[in-house]
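Examining the three-dimensional arrangement
Read off the chains here:
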Amino acid sequence: MALRSVTRLFRGGAGVEQVDLQIGFGEIVALVGLNGAGKTTLMRLQLGMLRPDSGQSEIDGTPLRDVDAATWARVGHLVEAPLAYGELTVREVLEMNLALRGGPRSAPRIDAAIETFALAKYEHRRIRTLSMGNAQRVGLAAALQHEPTIVVLDEPTNALDPAGVIVLRETLRSRAGAGAGILVSSHHLDEVARIADRIVVMNAGRLIGELAPHEADLERLFFDTVLRDDQARLP
Ligand SMILES: Nc1ncnc2c1ncn2[C@@H]1O[C@H](COP(=O)(O)OP(=O)(O)OP(=O)(O)O)[C@@H](O)[C@H]1O
């Protein structure tokens, strides 16, 4: 997937500007930045949830407007209000997500997702009665159960307990091992260092640099990169 010179500015001037980013198959790219840096906006632009003012997003080398349904069915994402259907049960949400992607409501696939994300105790509970962390697990199960080859997840470890973080890490590694391209945003540098092939730093709507995941003292490098950018931009 790729963003090519993508700009989208909201009233007031915030947004994303001139973003170029390409994520290859089998690659996990982490997007890091302070609150309000533009990570969610970038992801929405990649997924076509938001139109750019200029530039274009691509999936499989195809501009979004020409991406066919079969390709969209290979995308898995969790960006914003994933589970708007609070009255549905966990199992129903997973069934609906498979159906929305045009696939069969494969019971074994749903069983596997429920097992992977340790949701067996809750499968007949309504979504609105779940804890935040369990709702997040359902969102992730819904995003990943169809084994997507293009994955976009906005702060997926939010609200997860350490066991959930490990499950997610293993699931993403295995997806990437199977050839998926993965874009994931996070505030947890330690966590992204464990799974990402590349760490891309965003600040004030722009991509301002990359950090190597194996580098020592990532946090300091991150803050130095942001500070340098702020100093260069601000009068
Ligand atoms: N629909 C919108 N209308 C106006 N401004 C918006 C809109 N969506 C986002 N913004 C602004 O764009 C900027 C980037 O927001 P975005 O949510 O992309 O940041 P983020 O990096 O995901 O932040 P966080 O880490 O807090 O989730 C912010 O200043 C935000 O207020």
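Definitions and limits used
- Residues numbered from 1 in each chain as written.
- Predicted model: local features only at pLDDT ≥ 70, side-chain atom pairs only at ≥ 80, totals over all residues.
- Heavy atoms only, no water.
- Helix = DSSP H or I, 4+ residues; strand = E, 2+ residues; numbered from the N terminus.
- Expected span 1.5 Å × (residues − 1).
- Buried < 20%, exposed > 50% of the residue type's maximum accessible area, 1.4 Å probe, protein only.
- Contact = heavy atoms within 4.5 Å.
- Domains from an automatic or database assignment.
- Buried area = accessible area lost by both parts, 1.4 Å probe.
- Salt bridge = Lys/Arg side-chain N within 4 Å of Asp/Glu carboxyl O.
- Polar contact = N/O pair within 3.5 Å; in protein donor to acceptor, adjacent residues only side chain to side chain.
- Pairing = 2+ DSSP bridges.
- Lys, Arg positive; Asp, Glu negative; His and termini not counted.
- Core = buried A, V, L, I, M, F, W, Y, C linked by side-chain atoms within 4.5 Å.

A few words on helix H5 (residues 132-144). Taking 1.5 Å of rise per residue, 13 residues should cover 18 Å, and H5 covers 18 Å from first to last C-alpha, within 8% of that figure. Within H5, eleven of the 13 residues are buried, leaving the element largely enclosed by the surrounding structure. Listed as buried for H5 are Gly133, Asn134, Gln136, Arg137, Val138, Gly139, Leu140, Ala141, Ala142, Ala143 and Leu144. On its buried face, H5 sits against strand S6 (75-78), helix H3 (90-100), helix H4 (107-116), strand S7 (150-153) and helix H6 (162-177).

Attention shifts here to the domain arrangement of the chain. Here the domain parsing of the chain yields domain 1 (1-74 + 148-235) and domain 2 (80-147). On a C-alpha basis, the centroid separation for the pair domain 1 and domain 2 is 24 Å. Each side of the interface is counted separately: domain 1 has 22 residues, and domain 2 has 13 residues. Summed over both partners, the interface of domain 1 with domain 2 buries about 1,300 Å², with 66% contributed by carbon and sulfur atoms. Taken as a group, Ala73, Pro148 and Ala159 account for 32% of the area that domain 1 buries against domain 2, more than any other trio of residues on that side. Connecting domain 1 to domain 2 are one salt bridge. A salt bridge links Asp161 to Arg137, with the shortest nitrogen-to-oxygen separation between them at 2.9 Å. For the interface between domain 1 and domain 2, the tally reads three residue pairs in polar contact (both at pLDDT 80 or more). If you list the elements that add at least two residues to the side of domain 1 that touches domain 2, you get helix H1 (39-47), S7 and H6. Ranked by residues supplied to the side of domain 1 that touches domain 2, first place goes to H6 with seven residues.

Within strand S3 (residues 28-33), six of the six residues are buried, which leaves it mostly tucked inside the rest of the structure. Covered by surrounding structure in S3 are Ile28, Ala30 and Val32 together with Val29, Leu31 and Gly33, the residues of both alternating faces. With four bridges joining them, S3 and strand S8 (residues 181-185) adopt parallel strand pairing. Bridged to Leu31 within S8 is Ser185. In this structure, S3 lies alongside strand S9 (residues 198-203), joined through five bridges in parallel fashion. The residue bridging Leu31 from the neighbouring strand is Val200, located in S9.

With that out of the way, let us pick up the side chain of Arg175. Position of Arg175 relative to the elements: it lies in helix H6. The buried charged residue Arg175 lacks any salt bridge, with Glu147 as its nearest oppositely charged partner at 4.2 Å. Of the polar contacts made by the side chain of Arg175, one reaches the backbone oxygen of Pro148; its length is 2.8 Å.

This part is about the nonpolar core. Ranked by internal contacts, the top residues of the largest apolar core, which has 43 residues, are Val90, Leu119, Leu153, Leu172 and Ile199. Here the element with the most residues in this core is H5; it accounts for six residues. Contact partners of Ile199, with chain neighbours within four places excluded, come to Ala30, Val32, Val192, Ala193, Gly209, Glu210, Leu211, Pro213 and Leu218. Membership of the second largest hydrophobic core comes to 25 residues, among which are Ile59, Leu64, Val79 and Ile150.

Per the counting criterion, the structure on display carries 15 salt bridges. Note that Arg8 is salt-bridged to Asp53, the shortest N-O span being 3.9 Å. Here Asp53 lies in the loop between H1 and strand S4 (54-59) and Arg8 lies in strand S1 (residues 2-9), a separation of 45 residues in the sequence. Where salt bridges share partners, they join Glu27, Arg198 and Glu210 into one cluster.

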